[in-house]
Amino acid sequence: MSIESIKPAPKELEGVVIRFVGDSGDGMQLTGTQFTDTSAMFGNDVSTFPNYPAEIRAPQGSLYGVSGFQVHIGSVEVSTPGDSVDLLVAMNPAGLKTNLYALKKGHTVIVDKDAFTKKNLEKAFYETNPLEDGSLDGYHVIEVDMSTLTKEALKDVDGLDNKTITRSKNMFSLGMVYWMYHRSTEHTIDFFNKKFKSKPELIEANTKVLNAGYYYAETLELISNSYTISPAKMVPGTYRIIMGNTATAWGLLAASEKSGLELFLGSYPITPATDILHELVKHKHFGVKAFQAEDEIAGICSAIGASFAGDLAITTTSGPGLALKGEALGLAMMIELPLVVINVQRGGPSTGLPTKTEQSDLLQAMYGRNGESPVVVIAASTPADCFNYAYEAARLALEHMTPVILLTDGYIANGSAPWKIQSVADMPEIKNRKVTKFTENWHPYKRDAKTLAREWAVPGTSGFEHRVGGLEKDSVTGNVSYVPENHETMTHTRAEKIRLVQNNIPNLKVEFAQQGDLLVVGWGGTYGTLHSAVKQITEEEGFNNIGFVHFNYINPMPKNTEEIFAKFKKIIVCELNSGQFAFILKANFGKFDFQQINKVQGLPFSNDELIQKFKQLL
Amino acid sequence: MEATAVKKYTYKDFVSDQEVRWCPGCDDYVILNSMQKALPEMGVEKENVVFVSGIGCSSRFPYYMNTYGVHSIHGRAPGIATGVKLANPDLSVWIITGDGDATAIGGNHFIHVLRRNINLNIVLFNNEIYGLTKGQFSPTSVVGQKTKSSPYGNTQPPFSPGELALGANARFYARIGGNNPKAMTQIFIEAHRFKGTSLIEVLQNCVIFNDGCYTDVTDKEVKDDKQIYLEHGKPMIFGKNADKGLVLKGLKLEVVTIGENGITEKDILVHDAKEKDPTMHQMLIRLAYPIATGIVRAFDDVTLEEREDELTKKIKAGSKYKKTDDLFFSGETYEVK
């Protein structure tokens with residue numbers, strides 16, 4: 001099949017979604033990251049979503065070994081990595097087969113024709129070659145002999161083995177895409193210079209291949225036009241591209257500096273939370289104590305110990321790990337110590353879908369402990385605001401002497417977006433409740449009248465020697481007590497203490513229509529998809545009766561929650577589970593009728609499915 | 001820590017206002033008293049002492065000590081104590097645990113705290129039974145032992161905490177009878193002074209559910225003949241008349257009598273607790289007659305906090321990041337105007 005030329009359609013685009021797919025070893029994550037960084041520096045808003053297999057080195061060419069990186073760049077605000085794809089770059093048949101569904105009809109797919117060998121086609125379970133059998137009719141296919149052209153470009157570079165040559169073909173595709181979207185290769189060449197400082201032959205090779213791809217795209221009449229995406233209008237400031245898990249780790253660093261407390265992390269590796277551990281272990285220069293424990297339980301217990309001794313203590317995990325931590329979390333709640341528990345949610349139950357996203361740990365976070373054991377539950381909503389909510393989790397834990405669970409998810413944790421860098425100087429104050437000078441009649445469970453938070457007397461402080469433990473304690477002295485009325489008092493006090501956190505969190509803000517026919521309700525990592533769907537239906541389709549409210553504070557909820565619900569005729573709660581937040585809302589706000597949009601596929605919502613459902617309700 | 005700068009304490013300073021609720025006659029009282037006597041000798045400020053326990057009879061211990069304390073959850077005291085110590089290495093941290101708490105539900109944490117060699121102390125009350133849940137067999141109960149959960153006799157073979165500990169690379173291990181407060185007090189002081197994780201196994205009698213489990217080795221009448229109290233640098237001699245000793249025969253320890261068959265004191269092995277190679281310590285722990293007590297092993301090694309501290313200092317000195325701003329604004333940033 002010959003390559004058709006694109007019909008001239010020179011236009012400025014508001015946004016474009018590109019997906020790079022190939023074998024695990026093809027370097028797709030690097031290719032995608034380079035395109036993202038270059039575009040961000042050009043001034044575009046960006047949002048990314050890596051999608052890689054759970055297997056570390058899946059067999060080459062296999063369907064389950066496909067690694068992908070999707071990036072959405074825009075001249076306007078971009079809040080999701082996008083659902084359907086404008087340009088697909090497929091480095092092998094398996095990548096094409098598993099990703100073609102996402103490509104918009106009539107749009108472009110670039111393939112490495114050299115990779116469409118009989119063997120690779122068989123591995124991808126293609127009976128006939130899709131490049132020849134007409135199955136790609138309706139798409140614009142650009143076939144490039146990428147492996148051959150890469151070899152050709154490198155024929156004069158000395159000191160390269162075959163493997164290195166083959167592995168640099170991803171740069172050929174990146175070069176082509178740079179040309180198509182009017183991006184400079186400069187940033188990536190700088191990157192080579194830094195990364196391969198001691199290996200000049202690799203700098204030369206990668207630069208040559210990148211340029212070869214760029215010039216190939218430019219020279220060939222086949223790609224007769226190109227798209228431009230102007231810089232987005234963003235709040236002025238210094239930015240960087242940040243991944244959600246990194247932002248979470250940095251929010252904790254900021255909280256540690258602001259509060260003047262040393263940061264302690266007790267953790268055990270688990271996908272997709274491990275990158276927070278990876279990030280924090282790097283920062284010994286800030287005095288971070290990151291302890292990789294023997295299991296999830298020891299992870300949280302070491303954090304509880306560190307908190308007892310006066311550190312800002314953190315434990316990080318994902319769903320199954322939170323289940324293991326349940327008993328210890330109950331202890332932290334009972335002995336009323338500040339503790340931040342971060343759960344990067346993944347598909348459950350059990351081992352579930354470790355590398356996929358879901359919001360199905362909400363009820364576990366709320367109720368997954370024995371007895372009545374309320375804790376503060378908050379959720380981050382974008383890769384960049386993981387920074388703020390990690391900081392916020394630390395602030396609330398320290399000011400209210402309570403465990404705080406921060407829920408993020410695989411989607412925002414691994415996704416990246418521009419972050420307007422926040423200096424610690426500009427972050428809100430964090431007070432802690434450490435005692436200093438002993439006064440008579442001090443008791444460990446003496447509470448602040450406004451917050452009901454107790455004081456934090458840490459070992460090493462003379463006069464305050466005391467014992468805490470998981471047994472019920474007297475409401476005044478903190479000594480072990482089995483008195484029935486006391487137990488009830490303490491149960492209510494612990495619940496009330498969490499409810500009072502309401503006074504220390506911001507009110508909800510409604511976006512788009514402030515009152516009207518339909519209120520779209522979301523929480524956590526779905527902010528981007530919900531926001532862009534409501535935006536589209538409002539701005540492009542002329543609806544002015546839809547409001548959108550997104551929860552970051554779940555336990556307790558903001559004070560004005562009920563007031564907002566009352567302003568709309570219908571309420572639709574959208575979440576990536578079977579209705580867990582809706583369940584909580586129904587229990588708390590029984591007079592409203594909550595409808596639901598739920599998805600449990602390990603995938604984020606798509607714009608189209610949301611818009612379609614919103615319309616049905618209007 | 002030097003005693004000079006520290007307040008003078010007495011036994012009473014470490015007694016809390018809480019009523020002790022163990023069964024009358026329990027060895028736990030002996031352990032509590034020994035600890036309260038040992039602490040004034042350690043030269044450590046009261047506010048710098050933390051007791052962390054799990055669950056079980058033994059784990060009520062922190063409530064009775066007038067120091068900082070955490071009565072935590074079943075088996076997890078090592079995790080909590082590790083966090084306390086890493087957060088503040090100046091503290092004297094003690095884990096109080098039992099055979100169920102340490103070697104059953106908390107087995108994983110028990111071996112890993114020993115492996116890491118954090119400078120803290122573990123007192124393991126081994127009564128070969130679950131007391132607080134009212135009498136089930138534990139991982140140290142003997143085969144055939146009749147308990148509430150083994151009415152026809154226990155079919156699960158036990159392991160020895162000492163052997164388990166050495167397998168986990170424990171640097172300090174001591175064993176002492178629950179009715180020997182004098183030696184116990186001294187061992188607590190030695191454990192405190194030892195830099196690294198110290199494990200002290202107390203052969204503790206449970207008067208209710210496993211009464212007499214150690215009678216044949218700890219009773220006053222027999223203890224000198226049935227136990228050997230090991231001291232570093234001294235010959236391995238025991239017996240009421242101090243005429244029995246240990247020699248190595250092939251790959252086994254053998255009991256000999258001094259004065260018989262030409263054996264003199266010179267033939268008796270000398271105890272080297274500080275030896276790195278744990279082979280001899282392992283053999284002593286395994287010995288059924290006599291039962292080895294005292295400090296079996298005290299091998300001086302680098303602690304986890306020393307390694308961490310050294311690394312942190314080195315990285316801090318060489319780093320360009322002093323404040324988080326230095327990190328946040330480093331590398332690939334860009335301006336939006």
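Residues numbered from 1 in each chain as written. Chains lettered and ligands numbered in written order. Predicted model: local features only at pLDDT ≥ 70, side-chain atom pairs only at ≥ 80, totals over all residues. Heavy atoms only, no water.

Caption draft 1: Inspection of the overall build of chain B at higher detail. Summing up its helical and strand segments, chain B has 11 helices and 12 strands in all. Every one of the 337 residues in chain B was classed for burial, and the buried ones make up 56%. Of the roughly 15,100 Å² that chain B leaves accessible, carbon and sulfur atoms contribute 53%. Charge separation in chain B, taken as the distance between the mean sites of 40 positive and 42 negative side-chain charges, equals 2 Å. (Helix = DSSP H or I, 4+ residues; strand = E, 2+ residues; numbered from the N terminus. Buried < 20%, exposed > 50% of the residue type's maximum accessible area, 1.4 Å probe, protein only. Areas by Shrake-Rupley, 256 points an atom, 1.4 Å probe, with all protein chains shown as cover. Lys, Arg positive; Asp, Glu negative; His and termini not counted. Charge placed at Lys NZ, Arg CZ, Asp CG, Glu CD.)

Caption draft 2: Main features of the sheet that holds strand S10 (residues 312–317) of chain A. Residue and element names in this part refer to chain A. Judged by pairing direction, the sheet is mixed, and its 7 strands sit side by side in the order S9-S8-S10-S11-S13-S12-S19 without closing on themselves. Looking at strand neighbours, the two that pair on one side only are strand S9 (289–292) and strand S19 (553–555), the edges of this open sheet. Going across the sheet, the axis of each strand differs from the next one's by a mean of 20°, ignoring polarity. Sheet analysis places strand S11 (residues 339–345) next to strand S13 (residues 403–409), joined by 7 bridges and oriented parallel. Each bridged residue has a counterpart across the sheet, and for Leu339 the counterpart in S13 is Pro403. Along the sheet face, helix H12 (residues 319–334) touches S10, S11 and S13 and points at about 160° away from the line of S11. Helix-sheet contacts for helix H14 (residues 386–400) involve S10, S11, strand S12 (376–379), S13 and S19, and the interaxial angle to S13 is about 165°. (Pairing = 2+ DSSP bridges. Axes fitted to C-alpha atoms, helices over the stretch in contact; angles between N-to-C directions. Contact = heavy atoms within 4.5 Å.)

Caption draft 3: Structural detail: H14(A). Between the first and last C-alpha of H14(A) there are 21 Å, a value that for 15 residues agrees with the 21 Å anticipated at 1.5 Å per step. Counting buried positions along H14(A) gives 14 out of 15 residues, so the element sits mostly inside the fold. (Expected span 1.5 Å × (residues − 1).)

Caption draft 4: Geometry of the interface of chain A and chain B. Listed per partner, the contact involves 66 residues of chain A and 56 residues of chain B. When chain A packs against chain B, close to 5,200 Å² is buried across both sides, 61% of that on carbon and sulfur atoms. The tally of links between chain A and chain B comes to 2 salt bridges. A salt bridge links A:Glu294 to B:Arg116; the nearest nitrogen and oxygen atoms lie 2.7 Å apart. Counting every contact that joins chain A to chain B gives 27 residue pairs in polar contact (both at pLDDT 80 or more). Those elements that place two or more of their residues in the side of chain A that touches chain B are helix H1 (28–42), strand S7 (237–243), helix H9 (244–259), S9, helix H11 (296–308), H12, strand S14 (416–420) and strand S15 (467–469) of chain A. The element best represented in the side of chain A that touches chain B is H11(A), accounting for 8 residues. When S15(A) meets strand S2 (residues 68–71) of chain B, the two strands line up parallel, connected through 3 bridges. If you follow A:Val468 over to S2(B), its bridge partner there is B:Val70. (Buried area = accessible area lost by both parts, 1.4 Å probe. Salt bridge = Lys/Arg side-chain N within 4 Å of Asp/Glu carboxyl O. Polar contact = N/O pair within 3.5 Å; in protein donor to acceptor, adjacent residues only side chain to side chain.)

Caption draft 5: Molecular detail of the side chain of A:Lys325. By the element assignment, A:Lys325 lies in helix H12. Other than its neighbours up to four places away in sequence, A:Lys325 contacts A:Glu296, A:Gly299, A:Ile300, A:Thr315, A:Thr316 and A:Thr317.

Caption draft 6: Fine view of the packing of H1(A) against helix H7 (residues 186–195) of chain A. All names here are of chain A. Direction vectors running N to C along H1 and H7 enclose 125°, while the axes themselves pass 9 Å from each other. Relative to H7, the element H1 is oriented oblique. Handedness of the H1/H7 crossing: right-handed. Here Leu30, Gln34, Asp37, Thr38 and Met41 of H1 lie close against H7, whose contacting residues are His187, Thr188 and Phe191. In the contact of H1 with H7, the residues fall into 3 nonpolar, 4 polar and 1 charged. (Parallel < 35°, antiparallel > 145°, perpendicular 65-115°, else oblique. Left-handed = near helix turned anticlockwise from the far one by under 90°. Nonpolar A, V, L, I, M, F, W, Y, C, P; charged D, E, K, R; others polar.)

Caption draft 7: Seen up close, the environment of B:Gly294. All names here are of chain B. On the secondary structure map, Gly294 appears in strand S11 (residues 291–298). Assessed through its relative accessible area of 0%, Gly294 is described here as buried. Discounting chain neighbours no more than four positions away, the residues touching Gly294 are Tyr173, Ala174, Arg175, Ile187, Tyr229 and Leu230.

Caption draft 8: Here's a closer look at the domain arrangement of chain A. Residue and element names in this part refer to chain A. According to the domain assignment, chain A consists of domain 1 (15–219), domain 2 (240–426) and domain 3 (511–617). The gap between the C-alpha centroids of domain 1 and domain 2 is 34 Å. For the domain 1 and domain 2 pair, buried surface summed over both sides reaches about 910 Å², with 57% attributable to carbon and sulfur atoms. In terms of surface lost to domain 2, no three residues of domain 1 exceed Thr48, Phe49 and Tyr52, which account for 40% of the buried area on that side. Taken together, the connections running from domain 1 to domain 2 amount to 0 salt bridges. Those elements that provide at least two residues to the side of domain 1 that touches domain 2 are H1 and strand S2 (45–51). By residue number, the principal contributor to the side of domain 1 that touches domain 2 is S2, which donates 7 residues. (Domains from an automatic or database assignment.)

Caption draft 9: The arrangement of the pattern of salt bridges in detail. Residue and element names in this part refer to chain A. Considering all chains together, one arrives at 33 salt bridges over all chains under this definition. When the shortest N-O distance is used, the salt bridge between Lys289 and Asp311 registers 2.8 Å. Of this pair, Lys289 sits in strand S9 while Asp311 sits in the loop between H11 and S10; the two residues are 22 residues apart in sequence, bridging distant segments of the chain. Take Lys289 and Asp311: they sit in the same class, and that class is buried. Among the charged side chains, a salt-bridge network with shared partners connects Glu262, Lys289 and Asp311.

Caption draft 10: Layout of H1(A). The end-to-end C-alpha distance of H1(A), which contains 15 residues, comes to 21 Å, matching closely the 21 Å that a straight helix rising 1.5 Å per residue would cover. Listed as buried for H1(A) are A:Met28, A:Thr31, A:Gly32, A:Gln34, A:Phe35, A:Thr36, A:Asp37, A:Thr38, A:Ser39 and A:Ala40.

Caption draft 11: Region of interest: the packing of aromatic side chains. For the structure on display, the rule yields 37 aromatic pairs over all chains. An angle of 40° between the planes, with centres 6.3 Å apart, marks the rings of A:Phe551 and A:Phe565 as tilted. With A:Phe551 in strand S18 (residues 546–551) and A:Phe565 in helix H18 (residues 561–565), this residue pair connects regions lying 14 residues apart in the sequence. As far as the burial class goes, A:Phe551 and A:Phe565 line up, both buried. Judged by centre distance (5.1 Å) and plane angle (45°), the ring pair of B:Phe172 and B:Phe194 falls under tilted. Remark: B:Phe194 occurs in the loop between helix H6 (181–193) and strand S6 (198–203) and B:Phe172 occurs in strand S5 (residues 172–177); sequence separation between them is 22 residues. As far as burial versus exposure is concerned, B:Phe172 and B:Phe194 are alike and both buried. Joined through ring pairs, the aromatic side chains of B:Trp22, B:Tyr29, B:Phe51, B:Phe61, B:Tyr64, B:Trp94, B:Phe125 and B:Phe188 make up one cluster. (Phe/Tyr/Trp six-rings, centres within 6.5 Å; stacked < 30°, edge-to-face > 60°.)

Caption draft 12: Layout of the nonpolar core. Residue and element names in this part refer to chain A. With 165 residues, the main nonpolar core has Ile304, Val521, Phe551, Phe565 and Phe581 as its most contacted residues. Element by element, the count of residues in this core is highest for H14, at 10 residues. Here this core spans two domains, since at least three of its residues come from each of domain 2 (240–426) and domain 3 (511–617). Ignoring sequence-local partners within four residues, the contact set of Phe551 consists of Leu508, Val521, Gly522, Trp523, Gly524, Met557, Pro558, Thr561, Phe565 and Phe581. Within the second largest apolar cluster, 49 residues are counted, among which are Phe35, Ile142, Leu202 and Val209. (Core = buried A, V, L, I, M, F, W, Y, C linked by side-chain atoms within 4.5 Å.)

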